[in-house]
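What the coordinates show
Residues per chain, in single letters:
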Amino acid sequence: MTSWGNESERNRISIASNGAAGVLAAAFDGFARETVEKRAVVLEELLSSMSWMFTMSSRGGGKEAAAARDRLASAESVKALLWFLKSNGSRIAAKQNSLIALRELLLASSKRERVAESMLEIEDLHQILFGFLRSPISPAITKLSLTLIFQLLQISTSKSSDRFKSSLIDADLVSFLLETIISSSKERSVSEKALGILDKLCDDSKGRAAASGNSLTVPLLVKKILRISAAATEFSVSVIWKLGRCDQRALVEGLQVGAFQKLVLVLQLGCGEETKEKATATLKMMNPFRNEFECTESLDFKNLKRSF
């Protein structure tokens, strides 16, 4: 099946649309109920084939892929996927394919909440995922790890999620994310994911304290508004709003690097309702400090429709 799929895109579509992913997911789930170490070889082979089948949803096999995700969402299968991430003996390809499968379960599975809880029960999960970021193995694994962290923080609101978030903050993920945003200026998806995670971490008082305590935070967020994508702008505005509500220093820092003009421009160019509300609220919080602290860099605001 793998050999045939490697021959052409047409073959892969044919395989996926005939329910192969569901059969392989069922087999994976069956072997995962035994000792994972004992069945590691066959589990890895099944995972390798399933990883590309999940991407075929938009080109045939959509219903079959959905059924396969749900079958793979069992507690036993999730534990097996996590085993490949933790095992020092598993190959890079196996780790990457496990990350792909977990991403699919968190993004598209109808049982994603249950999958998230199963993952968060692993006490050292933050070390595993953050380890892939601090000691990068490949660009793909870095992106997948960022996606998983973001999805876990977004989906779950349980005590396990709070513990996971707190562990990431304690491990200094905030500083790492800021450095990542700087170094990945040409990698739009990486910057978006890093900003998204930072936004989620700032829901927590510890996360806001870590962000406020880093001199890079506010200038970097202001710079990224309207520079990367709509999603990156939404995350940046959200973080500035969250910090400004709890610490006036963030408002002053924002004014000093042109945040007021950037936020006005966001409103003029159009944005989502939630972002509009946060940008408006932040402007109101900044307004009392404008005369004393505001600084404007005109190059950033050439698209303004009017002065103010």
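Residues numbered from 1 in each chain as written. Predicted model: local features only at pLDDT ≥ 70, side-chain atom pairs only at ≥ 80, totals over all residues. Heavy atoms only, no water.

An unreviewed UniProt entry lists the chain under the name U-box domain-containing protein, with Linum tenue given as the organism. Per UniProt, the comment on the chain under Catalytic activity (unreviewed entry) is "S-ubiquitinyl-[E2 ubiquitin-conjugating enzyme]-L-cysteine + [acceptor protein]-L-lysine = [E2 ubiquitin-conjugating enzyme]-L-cysteine + N(6)-ubiquitinyl-[acceptor protein]-L-lysine." What UniProt states about the chain under its Function (unreviewed entry) heading is, verbatim, "Functions as an E3 ubiquitin ligase." (UniProt positions renumbered as here; feature names shortened; annotations may be inferred.)

**Quick word on the overall build of the chain**
A tally of helices and strands in the chain yields 20 helices and zero strands. Seen through its principal axes, the chain has C-alpha atoms that stretch 70 × 40 × 30 Å. The proportion of buried residues among the 308 residues of the chain is 51%. Summarising the internal contacts of the chain: among those between residues at least 6 apart in sequence, 73% fall at separations of at least 24. (Helix = DSSP H or I, 4+ residues; strand = E, 2+ residues; numbered from the N terminus. Buried < 20%, exposed > 50% of the residue type's maximum accessible area, 1.4 Å probe, protein only. Contact = heavy atoms within 4.5 Å.)

**Brief notes about empty space enclosed by the protein**
Counted according to the given criterion, the structure contains one cavity of 30 Å³ or more. The computed volume of the largest cavity comes to approximately 50 Å³. Every residue along the wall of the largest cavity is listed here: Ala211, Ser212, Asn214, Thr217, Val218, Leu243, Asp247, Arg249, Ala250 and Glu253. Listing elements by their share of the lining of the largest cavity, those giving two or more residues are helix 14 (205–212), helix 15 (217–224) and helix 17 (248–256). Looking at the lining of the largest cavity element by element, the count peaks at three residues for helix 17. (1 Å grid on protein atoms, 1.4 Å probe; cavity = no way out; pocket = protein on both sides within 12 Å on 5 of 7 lines; lining within 4 Å. Points joined across faces, edges and corners; volume = space filled by probe spheres on them.)

**Re the side chain of Ser49**
One can find Ser49 in helix 4 (residues 40–53). Within the structure, Ser49 has its side chain in polar contact with the side chain of Thr2 (distance 2.9 Å). If we skip the residues at most four places from it in the chain, Ser49 touches Thr2 and Leu24. (Polar contact = N/O pair within 3.5 Å; in protein donor to acceptor, adjacent residues only side chain to side chain.)

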